[in-house]
Amino acid sequence: SAVISQKPSRDICQRGTSLTIQCQVDSQVTMMFWYRQQPGQSLTLIATANQGSEATYESGFVIDKFPISRPNLTFSTLTVSNMSPEDSSIYLCSVILLATSTDTQYFGPGTRLTVL
Amino acid sequence: AQSVTQLDSQVPVFEEAPVELRCNYSSSVSVYLFWYVQYPNQGLQLLLKYLSGSTLVKGINGFEAEFNKSQTSFHLRKPSVHISDTAEYFCAVKGNTPLVFGKGTRLSVIA
């Protein structure tokens, strides 16, 4: 497997502000994804982070609200913009490793966001 | 598109008793199947996966799951649970899209 780190691990933010979450992997990856886990809920895919091009967003998620960057194979950021209390969730980075021949997705530890 | 149904939202079980967590899926294409575990205040850890071959797959911590194509199921089992198995368990399916998750089953092991 690989070590997937996320920064920050948690944050408390005021409504109307923005937070950028970083995901760093210590191995090369083929695919990177961002998921959201609302309190007591399952995981929902926000978008696929594409290297060097715009992310591919799932229904219900838009670039203006969740801009994503992926400047290289091992790093991506997710920004939660103009936050409201409904954005309080755990945000998880997920990757498929280049070294593995399967489509197994591994997850980072998550960023726990609370919006007041 | 793929979808996953976890039939039980909560499963209480006494320590050292067996447990089965149920998972059914729907897909129009061939899929890979996964179980992940999430301990309190932690991220997701891969428990086991079915990609191909033997339909009985063994994972970490003594868990196993059996892929049943005719019943479109991938139930998770453990013959004897421990207090430390208390966690949220997620079944997930991957076809031609990224992972799609079920709603999760909270396993509570009672001493």
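This one's a predicted model, so the numbers in the text were calculated from it and none came from an experiment.

Trainee: Could you give me a rundown of the environment of Val4 of chain B, with the residues and numbers involved?
Mentor: All names here are of chain B. Among the structural elements, Val4 can be located in strand S1 (residues 3-5). Placed 98 residues apart in sequence, Val4 and Gly102 show a C-alpha to C-alpha distance of 4.8 Å. Other than its neighbours up to four places away in sequence, Val4 contacts Cys23, Asn24, Tyr25, Cys91, Ala92, Val93, Val100, Phe101 and Gly102.

Trainee: Describe in detail the interface of chain B and chain A, supporting the description with residues and values.
Mentor: Accessible area lost on assembly of the parts is the figure often given for the size of an interface. On the chain A side, the residues contacting the 18 residues of chain B number 19 residues. Between chain B and chain A, the buried area comes to about 1,400 Å², and carbon and sulfur atoms account for 60% of it. When the area that chain B buries against chain A is broken down by residue, the three leading residues are Leu44, Pro98 and Phe101 of chain B, summing to 30%. If you look at where chain B meets chain A, you find 0 salt bridges. Counting across the chain B and chain A interface gives 7 residue pairs in polar contact (both at pLDDT 80 or more). Where the side of chain B that touches chain A is concerned, the elements lending two or more residues are strand S5 (32-38), strand S6 (44-50) and strand S10 (87-94) of chain B. Residue composition of the side of chain B that touches chain A, by class: 10 nonpolar, 5 polar and 3 charged.

Trainee: An account of the side chain of Ser73 of chain B is requested, with residue identities and associated values reported.
Mentor: Along the polypeptide, Ser73 of chain B turns up in strand S9 (residues 73-78). Residues contacting Ser73 of chain B, with those up to four places away along its chain left out, are Cys23, Asn24, Tyr25, Glu66, Phe67 and Asn68 of chain B.

Trainee: Got a sec to walk through the state of the cysteines? Specific residues and values, please.
Mentor: Using the criterion set out here, one finds 2 disulfides over all chains in the structure. Between Cys23 of chain A and Cys93 of chain A runs a disulfide, and the two sulfur atoms are separated by 2.0 Å. Between Cys23 of chain A and Cys93 of chain A, the S-S torsion sits near -65°, and that sign places the bridge as left-handed. Remark: Cys93 of chain A occurs in strand S9 (residues 89-97) and Cys23 of chain A occurs in strand S3 (residues 19-25); sequence separation between them is 70 residues. Both residues of the pair, Cys23 of chain A and Cys93 of chain A, belong to the buried class. Here Cys23 of chain B connects covalently by a disulfide to Cys91 of chain B, the sulfurs 2.0 Å from one another.

Trainee: Pulling in residues and values, what's your account of the side chain of Gln6 of chain A?
Mentor: Residues and elements named next belong to chain A. Within the secondary structure, Gln6 sits in strand S1 (residues 4-7). Residue Gln6 is classed as buried on the basis of its relative accessible area of 7%. At a separation of 3.0 Å, a polar atom in the side chain of Gln6 contacts the main-chain carbonyl oxygen of Tyr91. Setting aside chain neighbours within four positions, we find Gln6 in contact with Ile21, Gln22, Trp34, Tyr91, Leu92, Cys93, Gly108, Pro109, Gly110 and Thr111.

Trainee: Outline the nonpolar core, listing residues and values.
Mentor: Buried together is how nonpolar side chains tend to be arranged in soluble globular proteins. One finds Trp34, Tyr35, Val95 and Phe107 of chain A together with Tyr36 and Phe101 of chain B to be the most contacted residues of the largest nonpolar core, which totals 43 residues. Looking at which element gives the most residues to this core, the answer is S9 of chain A, with 7 residues. Those residues in contact with Val95 of chain A that sit more than four places away from it in its chain are Ile4, Val25, Val29, Met31, Met32, Thr104, Gln105 and Tyr106 of chain A. Core analysis: the next-biggest nonpolar cluster, separate from the first, contains 28 residues, Val13, Val31, Val57 and Tyr89 of chain B among them.

The rules behind the values
Residues numbered from 1 in each chain as written. Chains lettered and ligands numbered in written order. Predicted model: local features only at pLDDT ≥ 70, side-chain atom pairs only at ≥ 80, totals over all residues. Heavy atoms only, no water. Helix = DSSP H or I, 4+ residues; strand = E, 2+ residues; numbered from the N terminus. Contact = heavy atoms within 4.5 Å. Buried area = accessible area lost by both parts, 1.4 Å probe. Salt bridge = Lys/Arg side-chain N within 4 Å of Asp/Glu carboxyl O. Polar contact = N/O pair within 3.5 Å; in protein donor to acceptor, adjacent residues only side chain to side chain. Nonpolar A, V, L, I, M, F, W, Y, C, P; charged D, E, K, R; others polar. Disulfide = S-S within 2.5 Å. Buried < 20%, exposed > 50% of the residue type's maximum accessible area, 1.4 Å probe, protein only. Core = buried A, V, L, I, M, F, W, Y, C linked by side-chain atoms within 4.5 Å.

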